[in-house]
Amino acid sequence: MLSLDKINWDERGLIPAIVQDATTKQVLMLAYMNAESLQKTLETNETVFWSRSRGVLWHKGATSGNTQKVVSIAIDCDEDTLLILVNPNGPACHTGAVSCFYRDLSEFMTQE
């Protein structure tokens, strides 16, 4: 079992967190956590992130109601990225889209 003090935080004390729907497996969003937001997530079983732009903790859905109930949290082999499976209560994206990844760039790919 991994100790939380073994996490490879970046130079700002953050770790990327990929959030995925536990049922559909759709990737919903990418956010960042610091030690405090990860601890609050573990305590509440709802996602809490660190807002890089505002410099504060951000409980997903606190104002919108679009919370994310945590099913599991995994860490990658380099111990520098989290994968969080959730049961979402509404859309993940601030635009109202289910996922933040709703714009397709494949039209710009080179075809061979």
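Above this text is the structure in question.
Residues numbered from 1 in each chain as written. Predicted model: local features only at pLDDT ≥ 70, side-chain atom pairs only at ≥ 80, totals over all residues. Heavy atoms only, no water.

Asks: Describe the pairing of strand 5 (residues 68–75), with residues and values.
Replies: A regular strand places its side chains on the two faces of the sheet in alternate fashion. Bridge count for strand 5 against strand 6 (residues 82–88) is seven bridges, and the pairing is antiparallel. Paired with isoleucine 73 across the two strands is isoleucine 84, which belongs to strand 6. Connecting the antiparallel pair strand 5 and strand 6 is a turn made up of six residues, with glutamate 79 showing a positive phi of about 60 degrees. (Pairing = 2+ DSSP bridges. Helix = DSSP H or I, 4+ residues; strand = E, 2+ residues; numbered from the N terminus.)

Asks: How would you summarise helix 1 (residues 35–44) if you had to cite specific residues and measurements?
Replies: Buried residues of helix 1: Ser37, Leu38 and Thr41, and no others. On an axial view of helix 1, the arc spanned by its buried residues comes to 100 degrees, and they lie on one face. The elements touched by buried residues of helix 1 are strand 2 (27–33), strand 3 (48–51), strand 4 (56–59), strand 5 and strand 6. Between a side-chain oxygen at the N-terminus of helix 1 and the backbone nitrogen of glutamate 36 the separation is 3.2 Å; the capping residue is asparagine 34. (Buried < 20%, exposed > 50% of the residue type's maximum accessible area, 1.4 Å probe, protein only. Arc of directions from axis to C-beta. Contact = heavy atoms within 4.5 Å. Polar contact = N/O pair within 3.5 Å; in protein donor to acceptor, adjacent residues only side chain to side chain.)

Asks: Talk me through the layout of surface pockets; I want residue IDs and the actual numbers.
Replies: One simple way to see leftover space: roll a probe sized like a water molecule over the atoms. Its volume calculated, the largest pocket comes out at about 500 Å³. The wall of the largest pocket is formed by 24 residues, among which Met29, Trp58, Lys60, Ala92 and His94 lie closest to the centre. Residue assignment for the lining of the largest pocket shows that the elements contributing at least two residues are strand 2, strand 3 and strand 4. Examining the composition of the lining of the largest pocket, we find that four residues originate from one element, strand 2, more than from any other. Class assignment of the residues belonging to the lining of the largest pocket gives a composition of 11 nonpolar, nine polar and four charged. (1 Å grid on protein atoms, 1.4 Å probe; cavity = no way out; pocket = protein on both sides within 12 Å on 5 of 7 lines; lining within 4 Å. Points joined across faces, edges and corners; volume = space filled by probe spheres on them. Nonpolar A, V, L, I, M, F, W, Y, C, P; charged D, E, K, R; others polar.)

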